Amino acid sequence: EKAGYDHFMLKEIFEQPKSIGDCLRGRLNAKEGHLHLGGINDYVNKISNADRILIVACGTSWHAGLVAEYIFEEYCRIPVEVEYASEFRYRNPIVGEKDVVIAISQSGETADTLAAIELAKSKGATILGVCNVVGASIPRTSHAGSYTHAGPEIGVASTKAFTAQISVLTMMALMLAHKKGSLTESEYRKLLVELEAVPDKVAKCLDLNAQIEIISEKFKDAANFLYLGRGYNFPVALEGALKLKEISYIHAEGYPAAEMKHGPIALIDENMPVVFIATKDSSYEKIVSNIQEVKARKGKVIAIVTEGDTDIAGMADYTVEVPAAHESLMPLISVIPLQLLSYHIAVMRGCNVDQPRNLAKSVTVE
Ligand code: M6R
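Anyway, here's the lowdown on the structure attached to this text. No experiment lies behind these values; they were computed from the predicted model shown. (Residues numbered from 1 in each chain as written. Predicted model: local features only at pLDDT ≥ 70, side-chain atom pairs only at ≥ 80, totals over all residues. Heavy atoms only, no water.)

Turning to the layout of surface pockets, a few remarks are in order. In this structure, the largest pocket spans a volume of roughly 500 Å³. Elements that contribute at least two residues to the lining of the largest pocket include exactly α4 (59-76), β5 (99-105), α6 (111-122) and α12 (234-248). With three residues, the single largest contributor to the lining of the largest pocket is α4. The residue makeup of the lining of the largest pocket, split by class, is nine nonpolar, ten polar and four charged. (1 Å grid on protein atoms, 1.4 Å probe; cavity = no way out; pocket = protein on both sides within 12 Å on 5 of 7 lines; lining within 4 Å. Points joined across faces, edges and corners; volume = space filled by probe spheres on them. Helix = DSSP H or I, 4+ residues; strand = E, 2+ residues; numbered from the N terminus. Nonpolar A, V, L, I, M, F, W, Y, C, P; charged D, E, K, R; others polar.)

Following this line, the structure appears as structure tokens:
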């Protein structure tokens, strides 16, 4: 059932070209300029007229929500707030009939997310579910939604569900933006082509596996890790850190790279590995200076960069080159090497990768 892989997590990481492809299939046809999410069709007007979109989720799904926030605001020009479901449900939030709530959950059974939905629903909000498990409680409670179609995810660490969530949310945003006219036809068509190209680019990232295994060997005994990214890659930094801590038990923190100066920089010395997600995008120059700041303090830099980037290669201790993509789609690509890094480090440390201590696949109690 592991199809020859040592662990479900590795199998699921390697399934991503297919799972993202399955998620896009039948919904997106770039050549024809076609994009259709049947599950939300009846709500497209409602969503495009929403006062704001609230996203509620936990863990990795919350990270997918942060990526979606940037995408929705950029393309649809609708204000978005992303909340931990556990905070939302207990803090008497302001929610009303003109709000659309998107609940993101792989399992569709997370107790806090379910409770957040119930609360928002009782205040008249429209609820859309973005879930993987068909027929689970969250999709049943939601007014509408779209499944991620990633197939069963067995490893406790979420991998292919994350990339499928972002794929669905990106399609939702593009569909709305097209409807609203907040994107030009040519921008829209270009993004559809870019999105369709993602599965092949993810496949290229998987070819980095052997290189990442070598890097993992160098850092497997580290006590701490920092992950830094900006813009669309900021949630990827959070996700990389979560993956590492949950399966390898190494303390790791993700930050927006600019926040480094407001505290974490004090931690940097020759024993601190810092993973930069530094692909070529609108914040590239800024992140390059952050890398220099870490190097000046003797931190060890592992940088995820765009193919052909020789500038960062000259500064970082290790560089991992990923295919170029539109910056809003980069999380789908830049997260792959981070999943592999955490996997290999955890295996080298003798950890139970698929069932880490103290964790359950779905958190059905609070
Ligand atoms: O099933 P859900 O997406 O609602 O689960 C949310 C979190 O419990 C989950 O993403 C958790 O953080 C994962 N173990 C992360 O890898």
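Right, let's talk about the state of the cysteines for a bit. The full count for this structure, using the stated rule, is zero disulfides. Its sulfur unpaired, Cys-58 is 12 Å from the next cysteine sulfur, which belongs to Cys-131. Look at Cys-58 and you get partly exposed, because its relative accessible area is 24%. (Disulfide = S-S within 2.5 Å. Buried < 20%, exposed > 50% of the residue type's maximum accessible area, 1.4 Å probe, protein only.)

Core analysis: the largest hydrophobic core is formed by 94 residues, its most contacted members being Phe-72, Ile-102, Phe-225 and Tyr-227. Per-element accounting of this core gives the leading share, eleven residues, to helix α8 (residues 160-180). Excluding its chain neighbours within four sequence positions, the residues that come into contact with Phe-72 are Ile-53, Arg-77, Ile-78, Val-80, Ile-102, Leu-169, Met-172, Ala-173 and Leu-176. With 19 residues, the next largest nonpolar core counts Leu-228, Phe-276, Val-294 and Ile-312 among its residues. (Core = buried A, V, L, I, M, F, W, Y, C linked by side-chain atoms within 4.5 Å. Contact = heavy atoms within 4.5 Å.)

By the bridge criterion, six bridges tie strand β8 (residues 224-229) to strand β9 (residues 251-256) in an arrangement that is parallel. Bridged to Leu-228 within β9 is Tyr-255. Read from β8 through α12 to β9, the crossover connection turns out right-handed. (Pairing = 2+ DSSP bridges. Right-handed = clockwise from strand over helix to strand, strands pointing away.)

So, on to the pairing of strand β10 (residues 273-277). Of all five residues in β10, five are buried, a share of seventy percent or more. With four bridges joining them, β8 and β10 adopt parallel strand pairing. By the bridge assignment, Tyr-227 is partnered in β10 with Val-275. Judged from the five bridges that link them, β10 and strand β11 (residues 300-306) form a sheet pairing that is parallel. Following the sheet pairing, Val-274 is matched in β11 by Val-301. The handedness of the β10 to β11 crossover, carried by helix α13 (residues 284-296), is right-handed.

Ser-61, Ser-105, Gln-106, Thr-110 and Glu-246 are the nearest of the 13 residues found near the ligand. Measuring from an oxygen atom of the ligand, one finds a backbone N or O atom of Gln-106 at 2.6 Å. Between Ser-158 and the ligand, the recorded distance is 2.8 Å, taken from a backbone N or O atom to an oxygen atom. Here the ligand has 420 Å² of accessible area as a free molecule, and 91% of this is covered by the chains. (Near = heavy atom within 4 Å. Polar contact = N/O pair within 3.5 Å; in protein donor to acceptor, adjacent residues only side chain to side chain. Areas by Shrake-Rupley, 256 points an atom, 1.4 Å probe, with all protein chains shown as cover.)

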